[in-house]
Amino acid sequence: DDSTRQAGGAGASGAGNGGHSGTIDEDCSGWINDNDSTNGLAGGSGGPGGTGGSPGIRDCGAGGHAGNGNNGTEGAGGSAAVATSGALVTGLWTSSGGNGGNGTTGTNGAGGGGGGGGSGCDSGIDDLGGGGGGGAAGGSKAPGAGAGGASGAASIGVLLVDSSPTLTGVQVTLGTGGSGGDGGSGGFGQPGGTGGSGGLPNCENPSGCTSGGDGPAGGNGGNGGLGGKSGNGSGGSGGPAFGMVSGGTSAPSGAPTFSGGASGAGGVAGNGGVGGSTGAGGIVANSVAL
């Protein structure tokens, strides 16, 4: 008679339900070894790792505890930024590439399984086992990942756009490229919930109960897994330092003399999340055509 089962606890979203207890002996014939109680029911499965608890085996077998859900996977840090020369757009230098990669998000933790139900008893007074506890939900992943840093600006001594001057006795001192931007930080996932406790046993006849009955308890529900961290953004590359940049139809005569120059520093990766890289230092060159 399934009406004599004690219900297991309801699992959270993505988690397993607790198994019902076994039925008690409904046969009052009094024969020796007249054991008509039944096994409990297994707990339901949650997510990966959240196996359901085993059923309690008659006579008076306790329900098994459920498995905890797996932790969520972590995201990845952004790809490393490489140094680039940039480009000329409508006569102005602009960065082209060189930004740090964005981090990626992880996954949610898995839900725990439901505890197994305790069996029924046939021990003089027919006791009900406890239902299994419900499984807990897995923790949420970190909602966002770190953004990559921007590349640094260029330092340019002489910029020629569609211009062809004669360069005689020109001295150019190179500057220092701008620093790359730092990457954004990733985040932490949320912890999973705690599985429900297995139900206490019950008695068919309260007058014969002591300490809540002699039946077996249900198994505990499994905990939810920890939500995954997200990735840090990588730092942007440092800006270049150029003595002279020629663009378009520029064809200068002669050549300046050059001195100095230092690359911009790469930005650093974010912290708190996973991975990420420092950006590369900028390019240093006396003369380039873009």
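Per chain, residue numbering runs from 1 following the sequence as it is written. Local features are withheld for residues below a pLDDT of 70 in this predicted model, meaning they are given only at 70 or higher, and side-chain atom pairs are given and counted only at 80 or more; totals for whole chains, interfaces and linings count all residues. Excluded from the side-chain calculations are hydrogens and water; all other atoms, namely the structure's heavy atoms, are used.

Below, the discussion takes up the overall build of the protein. Working definition: helices are DSSP H or I runs of at least four residues, strands are E runs of at least two. Numbering for both runs from the N terminus. A tally of regular secondary structure across the protein gives zero helices and nine strands. Listing each helix as α and each strand as β along the protein from the N terminus yields β-β-β-β-β-β-β-β-β. Burial here depends on accessible area, computed with a 1.4 Å probe over protein chains only, as a share of the maximum for the residue type. Under 20% is buried, over 50% is exposed, and the range in between is partly exposed. Burial statistics for the protein: of 290 residues in total, 42% are counted as buried. For this analysis, residues touch if any pair of their heavy atoms sits within 4.5 Å. Residue pairs in contact within the protein that sit at least 24 positions apart in sequence constitute 80% of those at least 6 positions apart. What sets the accessible areas is the Shrake-Rupley method with a 1.4 Å probe; for residues, cover comes only from the shown protein chains. Total accessible area computed for the protein in this model is approximately 12600 Å², and 50% of it derives from carbon and sulfur atoms.

The next subject is unusual backbone geometry. Not every positive phi belongs to a glycine, and Thr 90 is a case in point at roughly 50°. Tracing the chain through its elements places Thr 90 in the loop between β1 (87–89) and β2 (92–94). Positioned with a positive phi, Asp 162 is a non-glycine residue whose angle comes to about 50°. Tracing the backbone through its elements, the reader meets Asp 162 in the loop between β4 (155–161) and β5 (171–176). Here Asp 162 falls in the partly exposed class, since its relative accessible area comes to 49%.

Quick look at the sheet that holds β4 now. If you trace the three strands from one edge of the open sheet to the other, you get β4-β7-β9, paired in parallel fashion. Two strands in the sheet have a free side with no partner beyond their single neighbour: β4 and β9 (284–289). Each strand of the sheet is rotated relative to its neighbour by a mean of 5°, with strand direction disregarded. Two elements, strand β7 (residues 241–247) and β9, share five bridges in a ladder whose sense is parallel. Bridge assignment links Phe 242 to a residue of β9, and that residue is Ala 285. Pairs of strands are assigned from DSSP output, requiring at least two bridges between the strands. Here the axes come from fitting lines to C-alpha atoms, over the contacting stretch only for helices, and the angles between their N-to-C directions go from 0 to 180 degrees.

Moving on, we come to the side chain of Ser 234. Along the chain, Ser 234 turns up in the loop between β6 (202–203) and β7. Using a relative accessible area of 0% as the deciding quantity, one classes Ser 234 as buried. From its side chain, Ser 234 meets the backbone oxygen of Ser 79 in a polar contact 3.3 Å long. Polar contacts, as used here, are pairs of N or O atoms within 3.5 Å; protein pairs need one atom able to donate a hydrogen and one able to accept it. Residues neighboring in sequence count only if both atoms are side-chain atoms. For Ser 234, the side chain forms a polar contact with the main-chain nitrogen of Ser 277, separated by 2.8 Å. With near-sequence residues (within four places) excluded, Ser 234 lies in contact with Gly 78, Ser 79, Ala 80, Gly 100, Gly 101, Gly 148, Gly 149, Gly 183, Ala 269, Gly 276 and Ser 277.

So, about the environment of Gly 97. Looking at the element boundaries, Gly 97 is found in the loop between β2 and β3 (127–128). A residue is classified by how much of its surface remains accessible, and Gly 97, at 44% relative accessible area, is partly exposed. In this structure, the C-alpha to C-alpha distance between Gly 97 and Ala 83, residues 14 residues apart in sequence, is 8.0 Å. Not counting chain neighbours up to four residues away, the residues in contact with Gly 97 comprise Thr 84 and Ser 151.

Moving on, we come to the side chain of Gln 6. With respect to the secondary-structure elements, Gln 6 resides in the segment before β1. Residue class for Gln 6 comes out buried when judged on its relative accessible area of 18%. A polar contact is formed between the side chain of Gln 6 and the backbone oxygen of Leu 200, at a distance of 3.1 Å.

You can see Phe 258 is positioned in strand β8 (residues 257–262). Considered as a pair, Phe 258 and Ala 285 are 27 residues apart in the sequence and their alpha carbons are 9.6 Å apart. Ignoring anything within four residues of it in the chain, the contact list for Phe 258 reads Val 172, Leu 174, Gly 243, Met 244, Asn 286 and Ser 287.

This brings us to the confidence of the model for the protein. Every residue gets a pLDDT, meaning the predictor's confidence in that residue, from 0 to 100. Within the protein, residue pLDDT values average 89, and 89% of them lie at 70 or more. Long-range and interchain partners of residues 206–212, a stretch whose pLDDT sits below 50, account for four contacts in this model, where long-range means more than four residues apart.

Let us now look at empty space enclosed by the protein. In this analysis the probe radius is 1.4 Å and the grid spacing 1 Å, with only protein atoms considered; a cavity is a set of points the probe fits into but cannot get out of, a pocket is an open set with protein on both sides within 12 Å along at least five of seven lines, and lining residues have an atom within 4 Å of a point. Grid points are joined across faces, edges and corners, and a volume is the space filled by probe spheres set on the points. Per the counting criterion, the structure on display carries one cavity of 30 Å³ or more. Each pocket or cavity is described by its volume, and for the largest cavity that value is around 40 Å³. Ten residue types, Ala, Val, Leu, Ile, Met, Phe, Trp, Tyr, Cys and Pro, are classed as nonpolar, four, Asp, Glu, Lys and Arg, as charged, and the remainder, Gly among them, as polar. Along the lines of polarity and charge, the residues of the lining of the largest cavity split into two nonpolar, ten polar and no charged.

All right, on to the nonpolar core then. If you look at the biggest cluster of nonpolar residues, it comprises five residues: Trp 93, Phe 242, Val 245, Ala 285 and Val 288. Where this core is concerned, the elements lending two or more residues are β7 and β9. The residues contacting Val 245, other than those within four sequence positions of it, are Leu 88, Ile 156, Val 158, Leu 159, Leu 160, Val 288 and Leu 290. Here, nonpolar core refers to any group of buried Ala, Val, Leu, Ile, Met, Phe, Trp, Tyr and Cys residues whose side-chain atoms link them within 4.5 Å.

A separate point is the environment of Gly 111. Topologically, Gly 111 is positioned in the loop between β2 and β3. Judged by its relative accessible area of 5%, Gly 111 is buried. Between the alpha carbons of Gly 111 and Ser 13 there is a distance of 7.6 Å; along the sequence they are 98 residues apart. Once you skip the residues sitting within four places of it in the chain, Gly 111 turns out to touch Gly 14, Ala 15, Gly 46, Gly 47, Gly 50, Gly 69, Ala 136, Ala 137 and Gly 138.

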